[in-house]
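Chain by chain, the residues:
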Amino acid sequence: MARAPYTPNTQSPFEQLRSGGLGRRLPQLVFGLLLYGWSMALMIEAGLGLDPWDVFHEGLTHYLPLTFGQITILVGALVLVLWIPLRQWPGLGTILNVLLIGIAVDQGLWLLAQPDSLALRVVMLVAGVVLNGLAGALYIGAHLGPGPRDGLFLGLVRRAGYSVRLMRTSVEVAVLALGWVLGGTVGVGTVLYALAIGPLVQLFLPFVQARVPEREPAPEPA
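Here the residue index of a chain counts from 1 through its sequence in written order. At least 70 in pLDDT is required for a residue's local features to be given in this predicted model, at least 80 for side-chain atom pairs to be given and counted, and no such filter applies to totals for whole chains, interfaces and linings, which use all residues. Side-chain calculation: all heavy atoms of the structure are included, whereas hydrogens and water are not.

With that out of the way, let us pick up the packing of aromatic side chains. The criterion for an aromatic pair is that two Phe, Tyr or Trp rings (for Trp, the six-membered ring) have centres within 6.5 Å, with stacked assigned to planes under 30 degrees apart, edge-to-face to planes over 60 apart and tilted to the rest. Applying the stated rule across the entire model yields two aromatic pairs. When the centroid spacing of 6.4 Å and the interplanar angle of 75 degrees are considered together, the rings of tryptophan 53 and phenylalanine 56 count as edge-to-face. Here tryptophan 53 pairs with phenylalanine 56, and both are found in helix α3 (residues 52-61), just three residues apart, close to one helical turn. Accessible area is worked out with a 1.4 Å probe on protein chains only. A residue is then buried under 20% of its type maximum, exposed over 50%, and partly exposed in between. The exposure class assigned to tryptophan 53 is buried, which follows from its relative accessible area of 9%. Note on criteria: charge over ring means Lys NZ or Arg CZ within 6 Å of the ring centre, with the direction from the centre no more than 35 degrees off the ring normal. Arginine 149 extends its terminal NZ or CZ atom over the ring of tryptophan 53, reaching a point 5.2 Å from the ring centre. The way it works is that DSSP assigns letters per residue, a run of H or I at least four long becomes a helix, a run of E at least two long becomes a strand, and they are numbered from the N terminus.

Here we come to the environment of glycine 155. Counting through the fold element by element, glycine 155 comes out in helix α8 (residues 148-160). Here the alpha-carbon distance between glycine 155 and leucine 86, two residues 69 residues apart in the chain, equals 5.7 Å. By the convention used here, residues are in contact when the closest approach between their heavy atoms is within 4.5 Å. Among residues more than four places away in sequence, those in contact with glycine 155 are Leu86 and Gln88.

Okay, the nonpolar core next. The set of buried Ala, Val, Leu, Ile, Met, Phe, Trp, Tyr and Cys residues whose side-chain atoms join them within 4.5 Å is what this entry labels a nonpolar core. Within the largest apolar cluster, 34 residues are counted, with the highest numbers of intra-cluster contacts made by Leu29, Leu33, Tyr36 and Val129. Among the secondary structure elements, those contributing two or more residues to this core are α2 (22-46), α6 (92-111), α7 (118-141) and α10 (188-208). Here the element with the most residues in this core is α2; it accounts for 10 residues. Membership of the second largest hydrophobic core comes to 15 residues, among which are Trp53, Ile71, Val175 and Leu182.

Before going further, it helps to spend a moment on the packing of α2 against α6. Contact geometry of α2 with α6 gives a least axis separation of 7 Å together with a crossing angle of 40 degrees. Taken together, the axis directions place α2 and α6 in an arrangement best described as oblique. α6 is crossed by α2, and the crossing has right-handed handedness. On α6, the residues touching Leu26, Leu29, Val30, Leu33, Leu34, Tyr36, Gly37, Trp38, Met40, Ala41, Ile44 and Glu45 of α2 are Leu92, Gly93, Leu96, Asn97, Leu100, Ile101, Ala104, Val105, Gln107, Gly108 and Leu109. Residues were grouped as follows: Ala, Val, Leu, Ile, Met, Phe, Trp, Tyr, Cys and Pro as nonpolar; Asp, Glu, Lys and Arg as charged; and all remaining residues, including Gly, as polar. By residue class, the composition of the contact of α2 with α6 is 17 nonpolar, five polar and one charged. Note on geometry: axes are lines fitted to C-alpha atoms, helical ones only across the stretch in contact, with angles between N-to-C directions running from 0 to 180 degrees. The scheme is simple: roughly parallel for angles under 35 degrees, roughly antiparallel for over 145, roughly perpendicular for 65 to 115, oblique for anything else. When the near helix sits turned anticlockwise from the far one by under a right angle, the crossing is termed left-handed; a clockwise turn instead gives a right-handed crossing.

Okay, here's the thing in structure tokens:
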């Protein structure tokens, strides 16, 4: 039987919590965020290039006395502050995103080491990208709020009226350029991530998204 396509959730943060199914949705959210951090660690230790935000995070590690995960948490919190003028409200998933991904990536980096073999590094890179796509689908499909960076794009789209593609591309190109200047790793993994992550998330979402009731439309005026 074919899976239903993913449909974005339009509920407010409070409606997301009241819509039921938290016995499945909350564990899915937490596991998705932890898996996201572990997949980041795989890509970092592969040493073949990172996604734009992680290029920026890695660049900051050269200048701040913080771990990769701590910088990820710090940047996530600062991005969340940018939601205020956009009048964007964080959900439970947004707050946990800021905290858990950074903790998980530090845990993964503590457990992993970069192999000498290029073949093994390629395997780590590909595994990291695929698992990152699955992790993104898991936490998005839990319908408990977007991550701080995703919410920034959505808020800018809503306030400025530009397309998601334009706003996301503009922000990520700027973040990637800044991260590269700071010494972050740009390489074949950066290109692979850019090309593969959207299709991977779209592939996994129909299989993992939770079913929650949508907000009822406002009644038409008499």
